[in-house]
Every structure is written in structure tokens, then in C-alpha cells.
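Listed below, chain by chain, are the residues.
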Amino acid sequence: QVQLEESGGGLVQAGGSLRLSCAASRSIFSFNTMGWYRQAPGKQRELVAAITSGGRVNYADSVKGRFTISRDNAKNTVYLQMNSLKPEDTAVYYCNADEWSTRLGAALDYWGQGTQVTVSS
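Our subject in this report is the structure included herewith. If you're wondering where the values come from, they're calculated on a predicted model, not measured in any experiment. (Residues numbered from 1 in each chain as written. Predicted model: local features only at pLDDT ≥ 70, side-chain atom pairs only at ≥ 80, totals over all residues. Heavy atoms only, no water.)

Some points on the overall build of the protein chain
In plain terms, the rule: Put simply, DSSP marks the helices as runs of H or I at least four residues long and the strands as runs of E at least two long, and each gets a number from the N terminus on. For the radius of gyration, the atoms used are the C-alpha atoms, and the globule rule reads 2.2 Å times the number of residues raised to 0.38. The cut-offs for exposure are 20% and 50% of the maximum accessible area for each residue type, with area from a 1.4 Å probe on protein chains only; residues under the lower value are buried, those over the upper are exposed, and the others partly exposed. By definition, residues are in contact when any of their heavy atoms lie within 4.5 Å. Surface exposure here means Shrake-Rupley accessible area, sampled with a 1.4 Å probe, where a residue is shielded only by the protein chains that are shown. Charge assignment in this entry is limited to Lys and Arg as positive and Asp and Glu as negative, and neither His nor the chain termini are counted. By convention, charge coordinates are those of NZ in Lys, CZ in Arg, CG in Asp, or CD in Glu.
The secondary structure content of the protein chain amounts to 0 helices and 11 strands. Helices (α) and strands (β) of the protein chain occur, in sequence order from the N terminus, as β-β-β-β-β-β-β-β-β-β-β. For a compact globule of 121 residues, the expected C-alpha radius of gyration is about 14 Å, and the protein chain comes in at 14 Å, within 12% of that figure. The principal-axis extents of the C-alpha atoms in the protein chain amount to approximately 50 × 30 × 25 Å. Out of the 121 residues in the protein chain, the part that is buried amounts to 40%. Counting contacts in the protein chain only where the partners sit at least 6 residues apart, residues at least 24 apart contribute 55% of the total. In the form shown here, the protein chain has an accessible surface area of approximately 6,600 Å², with 47% of it arising from carbon and sulfur atoms. Put simply, the protein chain has 12 plus and 10 minus side-chain charges, and the middle of one group is 3 Å from the middle of the other.

Let's talk about the side chain of Asp89
In this structure, Asp89 sits in the loop between strand E8 (77-82) and strand E9 (91-101). Classification of Asp89 as buried rests on a relative accessible area of 1%. Ignoring sequence-local partners within four residues, the contact set of Asp89 consists of Arg38, Arg66, Phe67, Ser84, Val117 and Val119.

As for the environment of Lys64
Note the following rule: Polar contact is the term for a pair of N or O atoms within 3.5 Å; when the atoms are in protein, one must be able to donate a hydrogen and the other to accept it, and sequence-neighboring residues count only if both atoms are side-chain atoms.
Summarising the element assignment, Lys64 is placed in the loop between strand E6 (57-59) and strand E7 (67-72). In the structure, Lys64 is positioned 16 residues away from Val48 in sequence and 9.2 Å away in space, judged by C-alpha atoms. Within the local environment of Lys64, its side chain forms a polar contact with the side chain of Asp61, the two groups lying 3.1 Å apart.

What follows is the structure, given as C-alpha cells:
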């Protein structure tokens, strides 16, 4: 098992920046992919950005050029740098990680509790 704890959310004006952090309770070396999802009121949860253990990144079209995901295996942490924020970025942001369990013979999926990001116009 692993716990993921997000931090760094808050209220910011449009055009501002925030950096989200997701700290894992143990080494993230075994995680295949770590990512950030978001869910706005009345909408489905959507992928914002993801990074593989090999460093390959993937972004939602809506955040390309504005958001940057990175992972620090030594600190067991993944980050999401968010620049040029827009009101439509307002949502609860969730950290996600997945790994393969050889013991269980199954993929395991972990989620944090979420952190609120609110962008005012």
C-alpha cells in the first residue's frame, strides 16, 4: 500500500501560477506512471498530465504549453507546475500512481485525496 498526499493548491488570479506536489509514503521507483487528474463541479474526472518511470510525459491539450509535470524519485514526489492559469482550470486536482504487483499478479492504482485549485477571473 501507499499513500499519496497532495499539496500546493489554493486561490490564484487568472494568469498566475501554482505548483502542486504529490508526496508518496514510500519509494515511487516502482510506479509505472504517475499523473495528475482534475475534476470540476458537474464534470467527469480528466487526465491533466502524466509521466512514466522513463520520463515520458503526456498532457491534455487544454494545458499544453502551460503545465509541466516532473517527478523526483529521490524525494518520492511528483510535481505539477501550472502557469498562465485560467478560470477553467478551477477543479480539485488528484494525484494518481500505478504499479504492477507481481505478488498479486495485478495492476494497482492509487489516488490521493485531492487539492482544490481555484482561479479567479
